[in-house]
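# Results of the structural survey
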Amino acid sequence: MKNIAILLMILVFAFSTFAQPRRGVQRTVQGPPPTPEIELIEVEDPLTRFAVDGSLPKAHIFTAVSNSKNAAEMILANDENSLPALIGALQFAGFTIIDRDQKILFAPRWGTNGTAFYDFEVAGMLRGSQLGMASSISGFGNSLAGEDALLKRLDLPGQIFDSLKAARNSKEHENRFLANLIFELSQYKPLTSVDSPLSMIQISLIERRFLGDLIDAYIEASQNAYSPARRSTSDLFGDRQQVRFINASYSAPLMRDPCKELEDLEKLAGYESKIKKTGKMFGLEGKSILPTEKLKDIFKPIADQIKIANIVLSYLKLIMANINLEGKVDAPPPMPYERTKSNREEGVGEKIITASFRIKSNDSEAINCAGKALKLISGLSIQVPKDGPLKDVPVHWEPIFEGTGNDRYTTNFPVIHQAMPDRFKNISDLKTDENGESKIKITGQRQNRDLTKMAVFEVPKRVRYQIRIATEKMDAEKDIPKIFWGGLDLKSGGFVKFLIQFVPDMMGKMALRSFRVEVPIKDWKPCTADNNWGGEVTFTRDKWTPTENLHEKARITLVALADGETAPGGGRPNAYYEVFGYRTRDNPVRSEDDPCCPGLTTSQSGYKFDFAGNFEAPFEIDYRGTDNEFRLGFKFHTPNIKATKRDYLKILSTACPYDNDEGYDRSLETTMNFGGALQSGHYQTRYVDKGGEHLVGETTYVDYEGATVKWEWNLTHCRPKKQP
């Protein structure tokens, strides 16, 4: 019954009403249609969007401490939902996310832990983790201790690890969620000791939370007398009620004018006099047994190391967040590439497809000026180029096959391909050259039967390739430094060698950048039936409101009939469908009397549908044409498509104890379907030549529900010669 109710709701939402056609000038042109172009389509992801314009996506909502496992799984999935999940997890853990002017972008969901991340840090730590950049608690703790014998004896790694384990049972739900999240993020390499590898996300969480408490300890203990002892682990990751912005790698004024204040490193790190104070972090209590100057000597090294750790980690995240890869694709004219009509010869000729990639750094001035500060404190010299070819990095070409059976590789993918210049190399394992280019050569497949002496009509097609840059096949030790800092070995840089590792088997499966190449192809079919169609139709439906988002897309590729075939389903042409989309709703916040506790409970609820599918089904075309005019209309309806529905209830405030009222966040597998219809009408241009009719056009309208619907089409229609 639940699925039926969901289906009815979606049908009301989704099925487009018959639109009134937009009247315009309709033309019939004698001659071929406009020449199509090869396209390089960017596969968007939130990290790329941040590198382009500095924007972060909407946060995923987590409602309970038990969601830490789900949050870790979403972050580790390395897909378009990873960054929203990371933002939502940071909010739940009590962090504030700010921009460069310290404007709050995302406030903590519950109580604050008193510390903040810059927006670039959030994007940078995810990118670094995806590429296998890692550290460990021992690397971090020992880096703080440096070479100082006394600080080494304090066993900072052991204190941090013990504190993390204790925080998994903390009374404060932010700290409990944070500690469990750090452990859950070690699904591939379990966190069992201070030497276990940690991703850039994990070490960033520990660094920011740990250093915040350490600075608090310095301040609180600055007027006390001290004696060496080890601090209780229960004091770390304590509850904090005020936000204190720790400047991540430089102060806000430096961001606006990044090259003016490099000499003042204490101000650069954002701590100023705080890092000069001693702390009860180390349990220095009671009457002092050491002269004041000696205490300063002991703790000055760790103050310097705190500053260095903060700048180094934040600088690396700054680079990771702001590096963008730009691509373009080219092929020599003419287009479209023409497949042979012969069943003996391949071609007509061949076509070389060249994809070229350049690395571009958003805000490269700030990165390079911050790099000067990094050189002053660590000896590393890093310059990030403003622009330049992406040289000698892995490129993965992958053909996108459509349909079912053997037709996926022949009829529906009418070319064969090989690598250039080494035709024996697999196109899934290439590298860019000195110009940042990667090339493949395509040649038209021979036909299954000889069409050279038959009446044929043109069938427009596109062959598609997915191109992924810097994939999981990278050699992390060699390729990552080559991409981000010109081949410099970070680990040779003094302090940094303790802090940075590359762990290839921790790397995610998400490419640094993904594109889709679409190459227009002219194919042929026998013109024997008046109802034979070829080409492609695209349907999109979008609606955006403050509480509701809707996106539906269907790309419909018509299957032209071979000689002697008949169309199934009452004469309707068959088609391959690629459909995907989502629907979200965040209901308004509501307050009501709590039935169990005196006072109000304030909550918010909502849901999200995600769906995607590929299938073969009929497509209805309503077409009537004369020599002077024509009418055109479309209609389709999908079968059931696999979908995931996630609904949540978030308790914002309640008079009841937190642990008794956590809300929920749950997902279930379900199905859905949708459809669309374009009322028959006069639409734009028809081209007529000896190969048949070409119908090219688009139209947009707003349906009864307020959603914007857009249809685009590029179709050919066979018109066999009439018998005398």
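Here is what the cut-offs are and how they apply
Position numbers for residues count from 1 along each chain, tracking the sequence in the order it is written. Residue-level local features of this predicted model are given only where pLDDT is at least 70; pairs of side-chain atoms are given and counted only at 80 or more, and the full residue set underlies all totals for whole chains, interfaces and linings. Hydrogens and water molecules were not included; the side-chain quantities draw on all heavy atoms of the structure. The predictor attaches a confidence to each residue, called pLDDT, with possible values from 0 through 100. Only heavy atoms enter the contact rule, under which two residues are in contact if any of them lie within 4.5 Å. Strands here are runs of E lasting at least two residues and helices are runs of H or I lasting at least four, both read from the DSSP assignment and numbered beginning at the N terminus. Exposed residues in this analysis have more than 50% of their type's maximum accessible area, buried residues have under 20%, and partly exposed residues fall in between, with area computed by a 1.4 Å probe over protein chains only. Lines fitted to C-alpha atoms define the axes here, with helix axes fitted over just the stretch in contact, and angles between the N-to-C directions of these axes take values from 0 to 180 degrees. Any angle that falls under 35 degrees is termed roughly parallel, while one over 145 is termed roughly antiparallel, one within 65 to 115 roughly perpendicular, and all others oblique. For any pair of crossing helices, the crossing counts as left-handed if the nearer helix is rotated counterclockwise from the farther one by less than a right angle, and right-handed if it is rotated clockwise. At least two bridges found by DSSP between two strands are what make those strands a pair. Whenever two N or O atoms come within 3.5 Å, that pair is a polar contact, provided that in protein one can donate a hydrogen and the other can accept it, and provided that, for residues adjacent in sequence, both atoms are side-chain atoms. We count a salt bridge whenever a side-chain nitrogen from Lys or Arg sits within 4 Å of a carboxyl oxygen from Asp or Glu. Here the nonpolar core consists of buried residues drawn from Ala, Val, Leu, Ile, Met, Phe, Trp, Tyr and Cys, with membership extended through side-chain atoms lying within 4.5 Å.

## Notes on the confidence of the model for the protein chain
Averaged over the protein chain, the pLDDT score is 75; the fraction of residues at 70 or greater is 69%. Low pLDDT, under 50, characterises residues 216-236; the predicted model gives this stretch 67 contacts beyond four residues in sequence or across chains. Counting contacts from residues 239-296, a segment whose pLDDT is below 50, to residues more than four positions away or on other chains yields 166 contacts.

## A word on the environment of Trp544
Note that Trp544 resides in strand β19 (residues 533-544). Judged by its relative accessible area of 52%, Trp544 is exposed. Along the chain, Trp544 and Arg583 lie 39 residues apart, while their C-alpha atoms are 10.0 Å from each other. Residue contacts for Trp544: discarding those within four places in its chain leaves Asn549 and Tyr582.

## So, the packing of helix α4 (residues 82-92) against helix α5 (residues 119-130)
Interaxial distance between α4 and α5 falls to 10 Å at its minimum, and their mutual angle equals 125°. With respect to α5, the element α4 is oriented oblique. Considering only the axes of α4 and α5, their crossing is right-handed. Here Ser82, Leu83, Leu86, Ile87 and Leu90 of α4 come into contact with α5, specifically with Val122, Ala123, Met125 and Leu126.

## So, the sheet that holds strand β28 (residues 675-681)
Either a parallel or an antiparallel arrangement is found when strands of a sheet pair, and the pairing is made through backbone hydrogen bonds. Taking strand neighbours across the sheet as the criterion, the three strands line up as β24-β25-β28 in an open arrangement whose pairing is antiparallel. Every interior strand has two partners, whereas the edge strands, β24 (620-625) and β28, have only one. If you compare each strand with its neighbour and ignore which way they point, the axes differ by 10° on average. With five bridges joining them, strand β25 (residues 630-637) and β28 adopt antiparallel strand pairing. Each bridged residue has a counterpart across the sheet, and for Lys635 the counterpart in β28 is Ala677.

## Some details on the environment of Gln130
One can find Gln130 in helix α5. For Gln130, a relative accessible area of 2% puts it in the buried group. Spatially, the C-alpha atoms of Gln130 and Ile75 are 9.6 Å apart, while their sequence positions differ by 55 residues. Among the polar contacts made by the side chain of Gln130, one reaches the side chain of Asn78 at a distance of 3.3 Å.

## Focus on the sheet that holds strand β5 (residues 116-118)
Across the sheet, which stays open at both edges, the three strands sit in the order β4-β3-β5 with mixed pairing between neighbours. Edge strands, defined here as strands with exactly one partner in the open sheet, are β4 (104-106) and β5. Strand-to-strand, the axes of this sheet are offset by a mean angle of 40°, without reference to chain direction. In this sheet, β5 lies alongside strand β3 (residues 96-98) in parallel orientation, the contact comprising three bridges. Looking at β5, one finds that Thr96 is bridged to Ala116. Across the face of the sheet, α5 comes into contact with β3, β4 and β5 while running at roughly 80° to β5.

## Brief notes about the environment of Leu325
Topologically, Leu325 is positioned in strand β8 (residues 323-330). Separated by 187 residues in the primary sequence, Leu325 and Leu512 place their C-alpha atoms 8.2 Å from one another. Each residue touching Leu325, except ones within four places of it in the same chain, is listed here: Arg358, Ile359, Leu390, Ile469, Leu512, Arg513 and Phe515.

## Describing the pattern of salt bridges
By the definition in use, this model includes 28 salt bridges. Salt-bridge contacts for Glu552 lead to Arg583; the nearest nitrogen and oxygen are separated by 2.2 Å. On the criterion of sequence distance, the pair formed by Glu552 in strand β20 (residues 548-558) and Arg583 in strand β21 (residues 574-586) is long-range, its members being 31 residues apart. Arg583 gets classed as buried once you look at its relative accessible area, which sits at 3%. Its salt-bridge partner being Asp622, residue Arg624 comes within 3.8 Å of it at the nearest N-O pair. Classification of Arg624 as partly exposed rests on a relative accessible area of 48%. When salt bridges with common partners are traced through the structure, they connect Arg464, Arg516, Glu518, Glu536, Arg555 and Glu578 into a single cluster.

## Re helix α2 (residues 46-53)
The complete set of buried residues in α2 reads Pro46, Leu47, Thr48, Phe50 and Ala51. The opening residue of α2, the one whose side-chain oxygen lies 2.9 Å from the backbone nitrogen of Leu47, is Asp45.

## Observations concerning the side chain of Arg686
Considering the arrangement of structural elements, one finds Arg686 in strand β29 (residues 685-689). Overall, the relative accessible area of 0% leaves Arg686 in the buried class. One polar contact links Arg686 to Tyr623, side chain to side chain, over a distance of 3.1 Å.

## Regarding the nonpolar core
Generally speaking, nonpolar side chains in soluble globular proteins are found buried as a group. In this structure, Ile353, Trp397, Tyr465 and Ile469 are the most contacted members of the largest nonpolar core, which totals 96 residues. A per-element tally of this core places helix α13 (residues 292-322) first, with eight residues. With 31 residues, the next largest nonpolar core counts Phe539, Phe619, Ala643 and Leu678 among its residues.

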